[in-house]
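Reading the structure
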Amino acid sequence: MADGNGSNKLWGGRFAGGPAAIMERINASIDFDRRLYAQDIAASKAHCAMLVATGIIAAADGEAIDRGLDQVKAEIEAGDFAIDPALEDIHMHVEARLAQIVGDAAGRLHTARSRNDQVATDFRLWVRDTIDDLDAALADLQHALLERAEEHAATLMPGFTHLQVAQPVTFGHHLLAYVEMTARDRGRLADARRRLNECPLGSAALAGTSFPIDRRMTAAALGFDRPTANSLDAVSDRDFALEFLSAASLCAVHLSRLAEELVVWSSAQFRFVALSDSFSTGSSIMPQKRNPDAAELIRAKTGRIVGALNALLMVMKGLPLAYSKDMQEDKEPTFDAADAVALCVAAMAGMVRDLTVNDAAMAAAAGTGFATATDLADWLVQNLNMPFRRAHHVTGSLVKLAEQRGCDLADLSLADMRSVEGGITEAVFDVLTVERSVASRRSYGGTSPERVRETVAAWKERLA
Ligand code: ARG
């Protein structure tokens, strides 16, 4: 549709000369917003049907437009679609091709509509589809975590605080922590989707329109709950993208934590897990190496996802109502972050499913670092009726003694124990093993194998 001088027929006659080449480059969004083609065409079809139903355009024109839009979609999907930067964006490309196919009737499609409400509608639809896909991927990740948690409900591992051995936990319990985080991620996406699901179409450029349109009809046809209530807000709001990006950012932060744990756990110093061949790489110079690249990249991609959120927040900051071209900068960061987070979730689910757990190394580590010291203090409280603060002190002395002897708490003799606290009996040794420690943590939300199995079952039911 660009004429020989580069001026753009869709803008009409006011522009005699064409834009400078550099203007065209900064202005055009077709390179990236072509990703909105399916949403753009769906919204145009809904708009067209509404224009016919309200008598704003003739049925024959409506049919021609509808058929033409189907053809444009087929051509795009067949990879048979000419890109012309002079046509700026996907909206003008679709309309221009439509005009070539159906002739004059195409010019009636843009009645009672502007690219401002059009792009707001298309982008909402795209973000909504993306939220739905990401939610499904996160559900799959939860299933992967639950399968492994069930398998390892009783697998002992050291629980850490400050990355120092703190108390023994079960590996299943550790994995369930990520099921909870993922559930909150899904909850945030669901919240965002609920607020997003209003249709801007019919807000026109910014003020609404004088045509007798039926906004409820287009909203319903596109699966929205209702039309947006303020035309100025509708064309200038990008909260839906920002909410998606913030939910994606937090999700990425969660994934980065598990990724970091996989990096640490798969190291030679830990050897808690081995990543499968499919999720690790070798080194070109060090034959022994197996690198956790996928985990490292998940850890790193958090940067670009959070970066996208920041980029769009900065684009929107201080923008006067209503639409400004600044808002065209909403798409690239959103697309990039959506691609990155989807890739990370899929790779994490794959790694979790594939990884081999080294139960022996985990159990051995679980017993190091006086990990059952808290159990000893609790025993003193429960059996000798000691105030916890004093029991903490007594246990500290026993840890010190074990350190001097170069042994674990469980290896101290009863005589040694009694030299610190005379009331201690043989029964104390029962609570000093890692198994007993973990089994005793039966409080709601605790790490004991029976609680883990219950929680896995409850989650499976919830997700079914
Ligand atoms: N490509 C534009 C964008 O993504 C479409 C809206 C253009 N509207 C306008 N008044 N120039 O924001």
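Now for a quick tour of the structure. (Residues numbered from 1 in each chain as written. Predicted model: local features only at pLDDT ≥ 70, side-chain atom pairs only at ≥ 80, totals over all residues. Heavy atoms only, no water.)

This brings us to the environment of Ser44. Position of Ser44 among the secondary structure elements: in helix H3 (residues 37-53). When the C-alpha atoms of Ser44 and Leu69 are compared, they prove to be 8.0 Å apart, with 25 residues separating the residues in sequence. Those residues within four positions of Ser44 in sequence are excluded, and the remaining contacts are Leu69, Leu109, Arg113 and Gln118. (Helix = DSSP H or I, 4+ residues; strand = E, 2+ residues; numbered from the N terminus. Contact = heavy atoms within 4.5 Å.)

Once that is clear, we can look at the site of the ligand. Taken together, the neighbourhood of the ligand is formed by Ser29, Asp33, Asp89, His91, Arg115, Asn116, Val119, Tyr323, Gln328 and Lys331. Here a nitrogen atom of the ligand sits 3.3 Å away from a polar atom, N or O, in the side chain of Ser29. Within the side chain of Asn116, one N or O atom sits 2.9 Å away from a nitrogen atom of the ligand. Out of a free accessible area of 350 Å², the ligand has 86% covered by protein chains. Among the elements that line the shell around the ligand, the one with the most residues is helix H6 (residues 115-151), at three residues. The class makeup of the residues in the shell around the ligand is two nonpolar, four polar and four charged. (Near = heavy atom within 4 Å. Polar contact = N/O pair within 3.5 Å; in protein donor to acceptor, adjacent residues only side chain to side chain. Areas by Shrake-Rupley, 256 points an atom, 1.4 Å probe, with all protein chains shown as cover. Nonpolar A, V, L, I, M, F, W, Y, C, P; charged D, E, K, R; others polar.)

With respect to the helices and strands, Arg441 occurs in the loop between helix H17 (434-440) and helix H18 (449-463). Relative accessible area serves as the criterion here: at 16%, Arg441 is assigned to the buried category. A polar atom in the side chain of Arg441 sits 3.4 Å from the side chain of Ser440. Contact partners of Arg441, with chain neighbours within four places excluded, come to Gln167, Thr374, Asp375, Gly446, Thr447, Ser448 and Arg451. (Buried < 20%, exposed > 50% of the residue type's maximum accessible area, 1.4 Å probe, protein only.)

Let us look at the nonpolar core. Ranked by internal contacts, the top residues of the largest apolar core, which has 95 residues, are Phe244, Leu262 and Met348. Among the elements that take part in this core, helix H10 (residues 239-265) stands out by supplying 16 residues, more than any other. Residues contacting Leu262, with those up to four places away along its chain left out, are Val273, Ala295, Met348, Met351 and Leu355. (Core = buried A, V, L, I, M, F, W, Y, C linked by side-chain atoms within 4.5 Å.)

Attention shifts here to the packing of aromatic side chains. The tally for this structure, following the rule as stated, stands at six aromatic pairs. Summarising the aromatic geometry, the rings of Phe171 and Trp265 are spaced 5.6 Å apart at their centres and angled 70 degrees between planes, so their arrangement reads as edge-to-face. With a gap of 94 residues between them, Phe171 in helix H7 (residues 171-196) and Trp265 in helix H10 connect regions that are remote in the sequence. Of the two residues, Phe171 and Trp265, both sit in the buried class. Seen from their ring centres, Phe270 and Phe272 are 5.1 Å apart, and the 75 degrees between their planes marks the pair as edge-to-face. (Phe/Tyr/Trp six-rings, centres within 6.5 Å; stacked < 30°, edge-to-face > 60°.)

What follows covers the layout of surface pockets. Roughly 480 Å³ of internal volume is contained in the largest pocket. Along the walls of the largest pocket sit 17 residues, with Phe160, His174, Tyr178, Arg257 and Glu261 positioned nearest its centre. Elements that contribute at least two residues to the lining of the largest pocket include exactly strand E1 (156-161), strand E2 (164-170), H7 and H10. In terms of residue class, the lining of the largest pocket is built from nine nonpolar, five polar and three charged. (1 Å grid on protein atoms, 1.4 Å probe; cavity = no way out; pocket = protein on both sides within 12 Å on 5 of 7 lines; lining within 4 Å. Points joined across faces, edges and corners; volume = space filled by probe spheres on them.)

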